[in-house]
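# Structural characterization, general
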Amino acid sequence: MSALEEDGSSISAQIAIEDKLAGGRKPRGGGRGGRGGGGQSREVQVSKTLSKLLRHQAGNAGIKLDAEGFAALDEVLPQLNYGPIRSLNVTLAEVKQVVASNEKQRFTMKLNSSLSAELVPSDDSATPSQYLIRANQGHSIKIESAALLEPITLDAGNVPSRVLHGTYFAFWPAIEESGGLKVMGRNHIHCSTGTPEEGVLSGMRKDAELVIEIDVEKSLQDGIQWWKSDNGVLLTEGGEGGVLSTSYFKKVTGRNIDVGVLWEDGERLSGLPEGIKGKVPPGKGPRGGNKRGGGGRGRGRQ
């Protein structure tokens, strides 16, 4: 049995969320992880399985990540072809295609420059052992941020003019009660430089109901660290306890439904209007839609 076929605590609620966001249906009959396709395209199945491996399950699968989060493709490919999508017989060419065509640019793939001189590959190499691959962000596996991401600092002058986090009505009371946004089992809180309707593909979910604008400059002045991934997602570990305080909420408004201004300049102005129902979106609770426990509270993943 491969690591991707195991049930249990090693498979976090994040995976259920990623399955939902990939746009596919779960297979009938209780099959795990998209076995049999579940109505998903071949490319989606490969992309989802790569995400699970490289973001969450590399250790369980015996795959070693380097300091920058890269894994040897010859260690990754056998897991793809022994796990839930083994019937697809995924090839190196398909992995290259998934990396190149993924809309949100979730992966980076490069030639392995550490090989001895006589084995240095060319760009059209057909040997998996000559490549390294990584997920650009979204890890629950602990990886040093500085090795994986570009730092955002006041000195560098690369602070975005807008930083947004998308969330849901159902999770808003818990965000206020906890004093801010939480990393929720991942390494970072995920943010974006805009909304999906503005053409931003990564950092905010397409069905987010609330938009939290964050005062990144103020948080940097207070010692909060920020980062940018290769695919443009803005990330922070938050402050103490992995919480990004409500004091950094520059403005909180509804995205498609007018709820007024809930917070402004770190101050609470009002709660959600009466009649706004906080329904947990499918796939975003702690067990893929279960409302108990609020496992998706405050998440803003791409």
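See the structure shown above.
To start, this report covers the structure provided alongside it. (Residues numbered from 1 in each chain as written. Predicted model: local features only at pLDDT ≥ 70, side-chain atom pairs only at ≥ 80, totals over all residues. Heavy atoms only, no water.)

### Re helix H4 (residues 92–101)
Of the positions making up H4, those classed as buried are Leu92, Val95, Val98 and Val99. Around the axis of H4, the buried residues are gathered within 120° of arc, so they sit on the same side. With respect to the buried face of H4, the exposed residues turned more than 90 degrees away are Ala93 and Ala100. The inward-facing, buried residues of H4 abut helix H2 (42–57), helix H3 (73–80), strand S2 (107–111) and strand S3 (131–135). (Buried < 20%, exposed > 50% of the residue type's maximum accessible area, 1.4 Å probe, protein only. Helix = DSSP H or I, 4+ residues; strand = E, 2+ residues; numbered from the N terminus. Arc of directions from axis to C-beta. Contact = heavy atoms within 4.5 Å.)

### With respect to the pattern of salt bridges
Tallying each qualifying case throughout the model produces six salt bridges. Residue Glu94 pairs with Arg42 through a salt bridge whose shortest N-O separation is 2.3 Å. Within this pair, whereas Glu94 is found in helix H4, its partner Arg42 is found in helix H2, the two being separated by 52 residues in sequence. Exposure remark for Arg42: the relative accessible area of 35% places this residue in the partly exposed category. The partner of Asp230 in a salt bridge is Arg134, and the shortest N-O contact between them spans 2.7 Å. Highlighted residues: Asp230 in the loop between strand S9 (226–228) and strand S10 (234–236) and Arg134 in strand S3, separated in sequence by 96 residues. We classify Arg134 as buried; its relative accessible area is 5%. (Salt bridge = Lys/Arg side-chain N within 4 Å of Asp/Glu carboxyl O.)

### Looking at the environment of Pro78
Looking at the element boundaries, Pro78 is found in helix H3. On a C-alpha basis, the gap between Pro78 and Val90 in space is 9.0 Å, while along the polypeptide they are 12 residues apart.

### Comments concerning the pairing of strand S13 (residues 261–264)
Taken residue by residue, a regular strand's side chains alternate between the two faces of the sheet. With three bridges joining them, strand S12 (residues 249–254) and S13 adopt antiparallel strand pairing. Bridged to Val252 within S13 is Trp263. The antiparallel hairpin formed by S12 and S13 contains six residues in its connecting segment, where Gly260 sits at a positive phi of about 80°. Two strands pair when backbone bridges link them, and S13 and strand S14 (residues 267–268) are joined in this way by two bridges, in the antiparallel orientation. Its bridge partner lying in S14, Trp263 is registered against Arg268. In sequence, S13 turns back onto S14 through a hairpin of two residues, with Asp265 there showing a positive phi of about 50°. (Pairing = 2+ DSSP bridges.)

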